[in-house]
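# Report on the structure
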Amino acid sequence: MRAMPEGFRWGVATAAYQIEGSVSADGRGPSIWDTFSATPGAVRHGDTGAIACDHYRRWKQDFALLSELGVSAYRFSLAWPRILPEGTGQVNQSGLDHYRRLVDDLLARGIEPVVTLYHWDLPQALQDRGGWTNRATIDAFARYAEVVAEALGDRVPRWITLNEPWVSSFVGYGSGRHAPGIADGRSALLAAHHLLCAHGAAVPVLRETSGQVGVTVNLSPVRPVTPEDADAARRVDGCQNRWFLDPLLAGRYPEDMIEWYGFADAEPGDLESIAAPLDFLGVNYYTRTWVASGDRDVPHPVHPSLDAHQVLPEKLPRTLMGWTIEPDGLRELLVRLRTDYPGLPPVLITENGAAFDDYVDPEGGVDDEERIAFLAGHLSALADAIDAGVDVRGYFCWSLLDNFEWAEGYGRRFGLYHVDYATQHRLAKASARWYADVVKRNGLP
Ligand SMILES: N#[N+]C[C@@H]1[C@@H](O)[C@H](O)[C@@H](O)[C@@H]2O[C@H]12
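Parameters at a glance
- Residues numbered from 1 in each chain as written.
- Predicted model: local features only at pLDDT ≥ 70, side-chain atom pairs only at ≥ 80, totals over all residues.
- Heavy atoms only, no water.
- UniProt positions renumbered as here; feature names shortened; annotations may be inferred.
- Near = heavy atom within 4 Å.
- Polar contact = N/O pair within 3.5 Å; in protein donor to acceptor, adjacent residues only side chain to side chain.
- Nonpolar A, V, L, I, M, F, W, Y, C, P; charged D, E, K, R; others polar.
- Helix = DSSP H or I, 4+ residues; strand = E, 2+ residues; numbered from the N terminus.
- Buried < 20%, exposed > 50% of the residue type's maximum accessible area, 1.4 Å probe, protein only.
- Contact = heavy atoms within 4.5 Å.
- Salt bridge = Lys/Arg side-chain N within 4 Å of Asp/Glu carboxyl O.
- Phe/Tyr/Trp six-rings, centres within 6.5 Å; stacked < 30°, edge-to-face > 60°.
- Lys NZ or Arg CZ within 6 Å of the ring centre and 35° of its normal.
- Axes fitted to C-alpha atoms, helices over the stretch in contact; angles between N-to-C directions.
- Parallel < 35°, antiparallel > 145°, perpendicular 65-115°, else oblique.
- Left-handed = near helix turned anticlockwise from the far one by under 90°.
- Expected span 1.5 Å × (residues − 1).

The chain has the name Beta-glucosidase in an unreviewed UniProt entry, where Amycolatopsis bartoniae is given as its organism. Word for word, the UniProt comment on the chain under Sequence similarities (unreviewed entry) is "Belongs to the glycosyl hydrolase 1 family."

Shown next, in the form of structure tokens:
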């Protein structure tokens, strides 16, 4: 038995655009993902979040699944365009009322709502004015936080300002693989900085509520394929991990990366604001990153601006996303955080999970043994990190439901519950029953 500490929070996570659908209902405005997914070629099979899991209408039945799992917490995101359809200006009361119903139902079930303010669905009206490359979006986000804090501040116990600012900036504005589909290195750096500043502006606002405040970053231990690739690996670690961890936890950008990027866009006071004390750090972990320097002839030019390429070691098992399955990377990552960042607050694993080729058998079951093995391996690594002294307070499996997997559309299933998108029928996979048992035991059998 690998028991987690007493009071450990067991949860599952989702995000608004990936599950809600009803993208035009009750006053919701368009987001950059509505625009991007409607762009031919942007998303696999031309999939969009227009219907998704129809969760906006079926949320009560989905919350019954949370009770079935026995989780003590549920992480979900608010759709900014439901609350402020134009990003600023007029508040849409229907949007606030919807999320108030969700929060109240969770509390009535004895489930802690963990609310993400921004999980990538920027109101299109703000993108029309430059989006995250426009410094004015910082103030728009702060106002959004004020509106949400006023409406829900007395009943949300944990706030997450941003989900994965590295993806929002470097994938949305750097590679163009995500919304808004811009491929420009300087735009990525500006967006990253303004996202961090928006986080810093929202923290004092949310601190006025009764809830704890944190941010979620996606982190990945970076390994050189050969010793000659060590410099390239350090640059990728600098981009993917330290460019966010250093400002958030140490109040500075990493010097080596400032030099590499020639970055000079921080204004007086920005770094102090970004480094506002956190009650917790949300960590999303999926895999390690293996890197070769740019002058090596390798596929996957994931980081052209860094003169480095991501390499997927052939010998390692992978998920359907093509990511290597490396549970010990989670332990390695958490121990590194504790070692490198003395100011590390308590950690929540806000996402961990995997996509596999789920098969509904003739008896109507999904025997997703690979997902069970993935989760078991990562929970064991998490227990190792806790044994090593890392203060981890909770774990959220990604995800409750199969859902819209961004540029991969509906072709990648991460859920504990299978969704038949033609009928919207939810079906518990074997991993859902397994996870419910782990939650009940407060640890691995
Ligand atoms: N890909 N993938 C799965 C998962 C994605 O569905 C989430 O929205 C992100 O926060 C994070 O990237 C992880």
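## Focus: the site of the ligand
Around the ligand sit 14 residues in total, of which Gln18, His119, Glu351, Glu405 and Trp406 are the nearest. In this structure, Glu351 approaches the ligand through a side-chain N or O atom, which is 2.7 Å from an oxygen atom. Per-class residue counts for the shell around the ligand are seven nonpolar, four polar and three charged.

## Quick look at the UniProt feature "binding site: substrate" (unreviewed entry) in the chain
Under the UniProt annotation, "binding site: substrate" (unreviewed entry) lies at Gln18, His119, Asn163, Tyr286, Trp398, Glu405 and Trp406. With respect to the helices, strands and loops of the structure, Asn163 is situated in strand β5 (residues 158-163). In this structure Asn163 comes out as buried when scored by relative accessible area, which is 0%. Filtering out sequence-adjacent residues up to four positions away, Asn163 remains in contact with Arg75, Thr116, Tyr118, His119, Trp120, Ser168, Thr216, Asn284 and Glu351. As for its placement among the helices and strands, Glu405 is situated in the loop between β12 (392-398) and β13 (417-420).

## Details of the pattern of salt bridges
Applying the stated criterion to the full structure yields 41 salt bridges. The partner of Arg28 in a salt bridge is Asp34, and the shortest N-O contact between them spans 2.9 Å. Residue Arg28 shares its accessibility class with Asp34, and that shared class is buried. Arg207 is the salt-bridge partner of Asp279, the closest N and O atoms lying 2.8 Å from each other. Here the residue Asp279 occupies a position in the loop between α12 (270-274) and β8 (280-284), and Arg207 occupies one in helix α9 (residues 185-207), the gap between them amounting to 72 residues. By relative accessible area, which is 33% here, Arg207 ends up partly exposed.

## Focus on the UniProt feature "active site" (unreviewed entry) in the chain
Residues annotated by UniProt as "active site" (unreviewed entry) correspond here to Glu164 and Glu351. For the residues just named, distributed over 188 residues, the greatest C-alpha separation is only 10.5 Å, placing them together at one site. One can find Glu164 in the loop between β5 and α8 (165-175). What makes Glu164 buried here is its relative accessible area of 7%.

## Side note on the packing of aromatic side chains
For the coordinates displayed, the defined rule picks out 35 aromatic pairs. Plain terms: the ring middles of Tyr17 and Trp33 are 6.4 Å apart, the flat faces sit at 40° to each other, and that makes the pair tilted. Taken together, the positions of Tyr17 in helix α1 (residues 16-19) and Trp33 in helix α2 (residues 32-37) put the pair 16 residues apart, joining distant regions of the chain. There is no split in this pair, since Tyr17 and Trp33 are both buried. Consider the rings of Trp166 and Phe170, whose centres lie 6.1 Å apart with planes at 10°: the pair is stacked. Placement of the pair is Trp166 and Phe170 together in helix α8, with a separation of four residues, close to one helical turn. Of the residues examined, Trp166 reaches a relative accessible area of 12% and is grouped as buried. In this structure Phe170 comes out as buried when scored by relative accessible area, which is 11%. Ring pairs connect the aromatic residues Tyr17, Trp33, Phe36, Trp120, Phe404, Trp406, Tyr410 and Tyr421, which therefore count as one cluster. In this arrangement the basic side chain of Arg235 is found over the ring face of Trp260, its NZ or CZ atom lying 4.3 Å from the centre.

## Concerning unusual backbone geometry
With omega at 10°, the peptide bond leading from Ala179 into Pro180 counts as cis. Within the fold, Pro180 resides in the loop between α8 and α9. At Ala52, a residue that is not glycine, the phi angle is positive and equals roughly 55°. With respect to the helices and strands, the residue Ala52 is situated in the loop between α2 and α3 (55-69). Take Ala52: its relative accessible area is 3%, and that puts it in the buried class. For Asn442, which is not a glycine, the phi torsion comes out positive at approximately 60°.

## With respect to the packing of helix α5 (residues 93-108) against helix α7 (residues 136-152)
The contact between α5 and α7 brings their axes to 10 Å, and the two run at 50°. Taken together, the axes of α5 and α7 lie oblique to each other. The element α5 and its partner α7 pack so that their crossing is right-handed. Residue-level contacts link Leu96, Tyr99 and Arg100 of α5 to Val147, Ala151 and Leu152 of α7. Looking at the contact of α5 with α7 residue by residue, the classes come out as five nonpolar, no polar and one charged.

## Structural notes on helix α14 (residues 369-387)
Given 3.6 residues to a turn, an α-helix orients residues that are three or four positions apart in the same direction. Between the first and last C-alpha of α14 there are 27 Å, a value that for 19 residues agrees with the 27 Å anticipated at 1.5 Å per step. Looking only at α14, the buried set comprises Arg371, Ile372, Phe374, Leu375, His378, Leu379, Ala381, Leu382, Ala383, Ala385 and Ile386. Gly389, located one to two residues past α14, shows a positive phi value of around 105°.

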